[in-house]
Structure formats: structure tokens, C-alpha cells
Amino acid sequence: MTYTPPVRDHAFLLGEVLKIDRYADLPGFAEAPMDVVHQILEEAGRFTAEVLAPLNSVGDKEGCVWKPDNTVTTPSGFKEAYQALVEGGWPALGAVTQYGGQGLPAVVNLSFSEMSSSANMAFSMYPGLTHGAYSAILNGGSQAQKDLYLPKLASGQWCGTMNLTEPHCGTDLGLLRTKAVPQGDGTYRISGQKIWISGGEHDLAENIVHLVLARIEGAPAGTRGISLFIVPKFIPDADGRPGERNSVYCAGLEEKMGIHGNATCVIQHEESLGWLVGEENRGLNLMFVMMNEARIGVGLQGVAQAEAAYQAAASFAKERLQGRSLTGPKNPDGPADPIIVHPDVRRMLMDSRAIVEGGRAFLFWTALQGDLAHASPDEAVRQKGDDYMALMTPVVKGFLTDRGFRVCSDALQVHGGSGFTEHFPASQYVRDCRITMIYEGANGVQALDLVGRKLAAAGGRAVMTFFAEIDAYIETREGDAQLKPWLQGLAAAKAELQDATMWLMQNGLANPDNAGAASSDYMHLFGLTALAYMWTQMVEAAQAKIDAGDADPFYAAKVATGRYFLERVLPDSAAHLAKLKTGAESLMALPAEAF
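These numbers were taken from a predicted model, which means no experiment stands behind them.

Right, let's get into the layout of surface pockets. The volume enclosed by the second largest pocket comes to roughly 640 Å³. In this structure, the second largest pocket is lined by 26 residues; those nearest its centre are V17, L18, R22, Y23 and Q537. Among the elements that line the lining of the second largest pocket, the one with the most residues is helix 15 (residues 512–547), at six residues. In terms of residue class, the lining of the second largest pocket is built from 14 nonpolar, four polar and eight charged.

Here's what the structure looks like:
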């Protein structure tokens, strides 16, 4: 089984659903007309399929190797592939031109990132985290820091990491103990241990730029006293080249369930030299720039692994002979029919396809809101984009990784006993994808963030804007008979989400446990409503092509998959609403000692 990048689907979303050409007068989009985007997608597909995908199993089997001199060797072929990535200019795709980037919209960069992650998730994490470090410095660094670090991070010449978690604290960063001691010359000495640092040490790039959360001596307790520091592996010399080795090193690697090709490190800071980014005690605000970007990236990983797993399962189902169709043999000359004839196998494949294609559309649509938040000259459009990015990020991360993992699990099920062995790729997709539900904020925390912070922000402005947008979309298409079933399904899901939102407002304040108990179901109801909106738009675009006489089977398949989503996936929304409205009473009834 080889991964085939879904170039056609990406082009359909960008060109025919999101219609990014209409933003051609905005910065970034002017450099991305659809003919150029098509070329980028085709080349991205070639690079990820031919260079990265063949190394996916290699990385899984070999893993990274830590050596006693505190260095780490990546799997065979990774170093050469990374060099090809840099030479191809891929890391610079979404970086600003001022610092050597290509300045293209984030939604176009997201397309490459998805293909890269499907082809080789562990490998793609190295440049992914680097772009996050680039974004944090771009948003909060001094001009000197930007001039020094951004061109090298944008190009991929140097890599970046985020150093947050410590042995005693992960989600609750207010407990962190890593300390920073000012040296009187603008530098700080950083001491402490960080764990689970993805890409913390490797042999891919000439330097690694760690962004480290630490507490300056005398700073307030809790999250109010956290600052952010740049701690490079090699301290840049006067010419900006890697110079003296800093006293930060990898003390070991984690033995993980998956993503073996990515070095997950224990990083020891022993009075390592660091430079403050932004203001003292304001580090968490800056780190959230990187973390929120990473959360969108993790949602992308959920879709990406699901796409690759679905492809493997569909290929297996068309080839594996087992049993006969319930309606008579479909392969009469063979000893059995391919298992794709069986309704339950079809159920798993269609569930997967509906989630993957709808989830991809949701990802791209969300990324476009971020682009408009930065590039639009219209203040109202910028505000809406910012609101949507804040509101949708926990849904993208939590919902798409929960459902993405389920797709990977179903793909293994389609493989039967073969999927439980290492002779087929299904096992790796399950193992690699599982981390997406945990890191960058576990999905339960994402759900709490959604109901506890994002809904109430600015008086509920973001979610009310989303409801109004769906209402307006439905109203302008009421006369479309072909689209009517999807419009009705979307309206029903939106009404359920609105009902759930009102229930939370009324019951969450009275008893905070009600909000906590409802949060996961609310997040999934939100995700299903968002996908209903995406599927309605995709069916509309595909049906328009069919009505115009386009016989491309792609469009007919899109409408058929959209119908499956409407009839077999979207009804789950009612169950989520029913569960969340039961509140916390039965959930919290047992005393802790009864468990």
C-alpha cells in the first residue's frame, strides 16, 4: 500500500468551495492564483509521495537513537529527506517575505502540511514545530531577534521546539519550576528539566532554537509569573552562524507507542544561556501563539492519519477475498468476493470517508478565517476571522483527532487479523494517531476550553456570528430543491447546537460540573454541525458542476458521500444533545472511593 496524496480534493476545496481566487487583491492571495496553487499541489503530492511516504515505515521500525554524548540520530533517510525539503523551499511556503518566506496564505501551506503528515507524521513534526517557533518570535520577538532567527527558521536551515512540560506539570503550567536568573547584560541563565520535547535533539539541521517557558527569580506564582526565552543549541556568533555550544542537552528519549521517527526528548537546562522574548511574566501569552498554531496542526494530523488509514483500508477491502455478497456473488469466477461488498465493511469505509473529507474542509475553512484575520482591510472581517480562530481551534483539535483516531481504528478493523500485525500499515496509523488526542492539550481540556472560555468570550459574539452565518447561508438557498435535504440537516444540527449553547449558559453557571460534564458532547455536537456546514457547501459546488454537464465521477462521488454523511453520521448530533442535557448528577454520583 502506498499513500496517494488527495491533490484533486485539495484543489476542489481551495478553488471550487472556498474560492480563494476571490481574495486575489489581498496580501498573500495575490501570489496564489489557482493556476499557481495547482502547480504547488501537484508538486507537493509528488514530493510527499515519493520522498516522505517511503520513509514512514522506516521511521517506525528504526526510531531515533540517543547516544551517550547526548546526541540523537534520526532514522535512515530522514536527514536526506529533510535536506530535500529545505532545498525545495517547502518550510518557507507560509512564512512572510520580509524574512525569506514565500508569503503564501496559511490555507495553501496547510494543504502541503496535510499531505506531509499523511505521508510521514513523525517526519513532518520537525518542520511543523519549527514554524510554530517562527510564529512566536514573529509575534513577540525584538527586531534583533527577528532579524537573527526568522530567516533561518523560515527556510528550515535551523529547527525550533517548544519547551513547556516538566515532570510534575503538563496541563497546569502554573506549577512549572524551571528558573531564569538575569545576568545583568540582557541574558538569563536557565535551569530546569523539560520532558516530552518533540524534536528536542536531532541531526537534521545545524542548529535547534528552543523556546522555553521559565520563571524569573522573584516572579509571581502561577501562570502570571511565566516568561518566554530563546535558548539556542548553538549560540549564534557575530555573523549569525552557530557558535559556542550552549549548556542545554538531551538526557534521553521517551519509549513511545508511536511516532518513533520523531525524537521525543528529555531536555536538561543547566544554566543554559537564554534571551527573553517580549515582556517579563508575559511568556504564556506568546507561547499560546505557538500552541494555538500547534493545535490546528494536531487537528490536521488527525485528518492526515485518517486519510492515509482510509486509503490503506479501501485498497485492502478491494483486494481481500472473503465470503460472498448477501445479494449474490460479485466475483463469480473467484473463490470469494472482495470484502468491500459487505455492508459492514462499507459502513466503516463510508464513515471514514465522510469524516476525512468533511474534516479536511473544516480545517481549510478555519485556516482561511485566519488568513482573512491577518490580510483583510475590513476591520469587521478581521474581527470575525480572529473570533472564529479562537472559537474553532479547540473543535478542530478535539473533534478531528477523536474522529480521526476512530477512522484509524476502523481501518485496522477492515484489515481484520492482518491489521493487528506489522505486515500491514494499519497498526502504525493507529499508534501514530493516538497521541493527537493527548498532546497540545488533551481533548477533554479542549472541550473545557471551548465551553468555559471560548463560548463566553466577548459576550458570545463568535458563536452567535457562526449561527447567523449558517442562517444566512440557508436562507439564500431555500429555493434549491436538490440541496434541500442538506439544508434541512444543517438547520436541524444548528438548532441542536444552539439549544445546547443555551442549556450551558443556563446550567453551567449554576453548577460548574454541569459545564464540565457536557463539554465533550458539546464539542462533538459543534464538530458535527461544522461538518454539516462544510458538506452542504461541498455538495452545492459538486452539484453545480454536475448540472453544468461535467461528467467527472469525482463530483458524483462527492454528492454520494455527502448524502451518507447526512443520513448516517449527522444523526449522532441528537444523541450528543440528549446526553449533555442530563447534566452532571449521574456522572458525579459515585464517591471517589467507589472507583
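The rest of the description comes next.
Let us now look at the packing of aromatic side chains. The final tally for this structure, using the stated rule, is 22 aromatic pairs. Seen in terms of ring centroids, Y522 and F526 are 6.1 Å apart; in terms of plane orientation they differ by 70°. Their pairing is edge-to-face. Pair noted here: Y522 and F526 are both in helix 15, with a separation of four residues, about one helical turn. Judged by its relative accessible area of 0%, Y522 is buried. Residue class for F526 comes out buried when judged on its relative accessible area of 0%. For K152, the ring lying beneath its charged end belongs to W158, and the centroid distance is 5.1 Å. In this structure, R434 is placed above the aromatic ring of F405, and the distance from its NZ or CZ to the ring centre is 5.3 Å.

This next bit is on the packing of helix 4 (residues 78–87) against helix 6 (residues 121–140). Interaxial distance between helix 4 and helix 6 falls to 11 Å at its minimum, and their mutual angle equals 45°. The pairing of helix 4 with helix 6 is recorded here as oblique in orientation. Helix-helix and strand crossings are classified by hand; for helix 4 and helix 6 the assignment is right-handed. Here F78, A81, Y82 and L85 of helix 4 lie close against helix 6, whose contacting residues are F123, Y126 and P127. For the contact of helix 4 with helix 6, the residue count by class is seven nonpolar, no polar and no charged.

If you check helix 13 (residues 461–475), its first and last C-alpha atoms are 21 Å apart, about what 15 residues at 1.5 Å a residue would give, namely 21 Å. Along helix 13, the residues that are buried comprise A462, V463, F466, F467, E469, I470, Y473 and I474. The arc that holds every buried residue of helix 13, seen down its axis, measures 160°, which confines them to one face. Structurally, helix 13 contributes buried residues whose contacts are with helix 9 (343–375), helix 10 (379–415), helix 14 (484–507) and helix 15.

Before going further, it helps to examine helix 12 (residues 443–454). Turning to helix 12, its buried residues are N443, Q446, A447, D449, L450, V451 and K454. Contacts made by the buried residues of helix 12 are with helix 8 (283–319), helix 10, helix 14 and helix 15.

For the rest of this paragraph, the subject is the pairing of strand 9 (residues 242–245). As defined by bridge partners, strand 8 (residues 234–236) adjoins strand 9 across two bridges and the pair is classed as antiparallel. Of the residues in strand 9, the one forming a bridge with P236 is P242. What sits between strand 8 and strand 9 in their antiparallel hairpin is a turn of five residues, with G240 showing a positive phi close to 80°.

To continue, consider empty space enclosed by the protein. Tallying each qualifying case throughout the model produces four cavities of 30 Å³ or more. Secondary-structure elements contributing two or more residues to the lining of the largest cavity are helix 9 and helix 10. The element contributing the most residues to the lining of the largest cavity is helix 10, with four residues. By residue class, the composition of the lining of the largest cavity is two nonpolar, one polar and four charged.

Take the state of the cysteines next. Counted under the stated rule, the structure contains zero disulfides. Cysteine C250 remains unbridged, with the sulfur of C265 as its closest cysteine sulfur at 3.8 Å. Residue classification places C250 among the buried residues on the basis of a relative accessible area of 1%. With no disulfide of its own, C433 lies closest to C408 among cysteine sulfurs, the gap being 4.0 Å.

Calculation rules
- Residues numbered from 1 in each chain as written.
- Predicted model: local features only at pLDDT ≥ 70, side-chain atom pairs only at ≥ 80, totals over all residues.
- Heavy atoms only, no water.
- 1 Å grid on protein atoms, 1.4 Å probe; cavity = no way out; pocket = protein on both sides within 12 Å on 5 of 7 lines; lining within 4 Å.
- Points joined across faces, edges and corners; volume = space filled by probe spheres on them.
- Helix = DSSP H or I, 4+ residues; strand = E, 2+ residues; numbered from the N terminus.
- Nonpolar A, V, L, I, M, F, W, Y, C, P; charged D, E, K, R; others polar.
- Phe/Tyr/Trp six-rings, centres within 6.5 Å; stacked < 30°, edge-to-face > 60°.
- Buried < 20%, exposed > 50% of the residue type's maximum accessible area, 1.4 Å probe, protein only.
- Lys NZ or Arg CZ within 6 Å of the ring centre and 35° of its normal.
- Axes fitted to C-alpha atoms, helices over the stretch in contact; angles between N-to-C directions.
- Parallel < 35°, antiparallel > 145°, perpendicular 65-115°, else oblique.
- Left-handed = near helix turned anticlockwise from the far one by under 90°.
- Contact = heavy atoms within 4.5 Å.
- Expected span 1.5 Å × (residues − 1).
- Arc of directions from axis to C-beta.
- Pairing = 2+ DSSP bridges.
- Disulfide = S-S within 2.5 Å.

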